[in-house]
Amino acid sequence: MTTLVEAAVPAKNRHTRKRSAPVVVAVLHPKGGVGRSTTVWQLGAELALRGYSVRIEDLDQGAHLSRVFDAYPLGLDNLYLGGDAPADVVLLDTAPEAQERRALDYLRRSDWVLVPVKGPEIDSVQALPMLMGWITQVPGVRLIGFLPTMHKQRRASSKYWLGQLKRLAAEHGTRVLPPINDMASIADKSIAGHPYAGVAEEVRGLCLEPVRRSRT
Ligand SMILES: Nc1ncnc2c1ncn2[C@@H]1O[C@H](COP(=O)(O)OP(=O)(O)OP(=O)(O)O)[C@@H](O)[C@H]1O
Ligand SMILES: [Mg+2]
C-alpha cells in the first residue's frame, strides 16, 4: 500500500532537505467528531510522501490517533508520532475544545491553523465565529482555511451549509478548501485514493515552501 502511494508522488516533487525549526500547523475546531484526527493522519502521510519529515502530536486525551498510528503503521520512515526528533512540520491533533484558554494554548504554539468543518452542517459551521474570535486573539497565527470533511455533495443540506461556510469565509478573509468526500475514513487503514493530496499541496505551497526558500 505504501509503495503504491509513494509511486504517486514523483521524485522531483519530494522535498529532501532537513530544517531546524519546524512549521507548526494546528488542526482545530471546537466540536468533536469533525475530522481533526483523520485530517492530521492523512495530511501527515501525504506530506511525508512528499519528502518532508513530519511529526504528529496527539494532544487529545482520547488518544484515538495514537491508537490508529500504532495499530496500522503506514511504514513511512519520516512520519513520526510524538518524540522530539527534528521535523520540517509538526501537525497538532487537538481535542474538541469549547474552552477558550486551551484553544489559545494550541494557537500560541502554532504558525498556521487548519479548520476541518464536518459536512458542512449546521453545528460545525455555527461554532466557527467563536473559533475565529480565538484565532484573532493570537497575532502571528495564520489561517490556511476551512476544510469541509465528510462532504456529501448531493445532499441539499450540505449544499446549503457549504454556501454559508463560503459566506463566513469571505467575511473573515479566508477561504474554503475543496471538500473532502465522505470516503476518507481512518478505518480504511490506508491513504488509498489520496483524498488529502490537494490539501497537502496547499500546505506545501502556502506554509512549507516559502520557509524552505527563505533558508536556501
Ligand atoms: N472524510 C471522511 N469520510 C468518512 N468518514 C470520515 C471522514 N473523516 C472522518 N471520518 C470518520 O468520522 C469520525 C470522526 O473523525 P475523526 O476521528 O477524524 O474526528 P475528530 O474531530 O478527530 O473526532 P474526536 O472529537 O473524536 O477527536 C471517525 O469515525 C472517522 O473515521
Ligand atoms: Mg480526534
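Notes on the structure follow. This structure is a prediction, so every number in the text was calculated from the model and none was measured. (Residues numbered from 1 in each chain as written. Chains lettered and ligands numbered in written order. Predicted model: local features only at pLDDT ≥ 70, side-chain atom pairs only at ≥ 80, totals over all residues.)

**Regarding the site of ligand 1**
Surrounding ligand 1, one finds 20 residues, the nearest of these being Gly-32, Arg-36, Ser-37, Thr-38 and Ala-184. The element that contributes the greatest number of residues to the shell around ligand 1 is helix α2 (residues 36-49), accounting for three residues. (Near = placed C-beta within 6 Å. Helix = DSSP H or I, 4+ residues; strand = E, 2+ residues; numbered from the N terminus.)

**Looking at the sheet that holds strand β2 (residues 54-58)**
The six strands lie next to each other as β3-β2-β4-β1-β5-β6, forming an open sheet whose pairing is parallel. For this open sheet the edge positions go to β3 (79-81) and β6 (142-149), each flanked by a neighbour on one side alone. In this sheet, neighbouring strand axes are inclined to one another by 20° on average, regardless of whether the strands run parallel or antiparallel. Judged from the five bridges that link them, strand β1 (residues 23-27) and strand β4 (residues 89-93) form a sheet pairing that is parallel. Residue pairing across strands places Val-23 opposite Val-89, the latter belonging to β4. (Pairing = 2+ DSSP bridges. Axes fitted to C-alpha atoms, helices over the stretch in contact; angles between N-to-C directions.)

**Structural notes on the pairing of β2**
In terms of burial, β2 is a largely internal element, five of the five residues being buried. Judged by which residues are buried, β2 turns out to be covered on both faces: Val-54, Ile-56 and Asp-58 on one side and Arg-55 and Glu-57 on the other are all buried. In terms of strand pairing, β2 meets β3 through three bridges, oriented parallel. By the bridge assignment, Arg-55 is partnered in β3 with Tyr-80. Crossover β2 to β3 through helix α3 (residues 64-71) is right-handed. Both β2 and β4 contribute to a ladder of five bridges, which runs parallel. Bridged to Ile-56 within β4 is Leu-91. (Buried ≥ 20, exposed ≤ 12 C-beta atoms within 10 Å, placed from the backbone. Right-handed = clockwise from strand over helix to strand, strands pointing away.)

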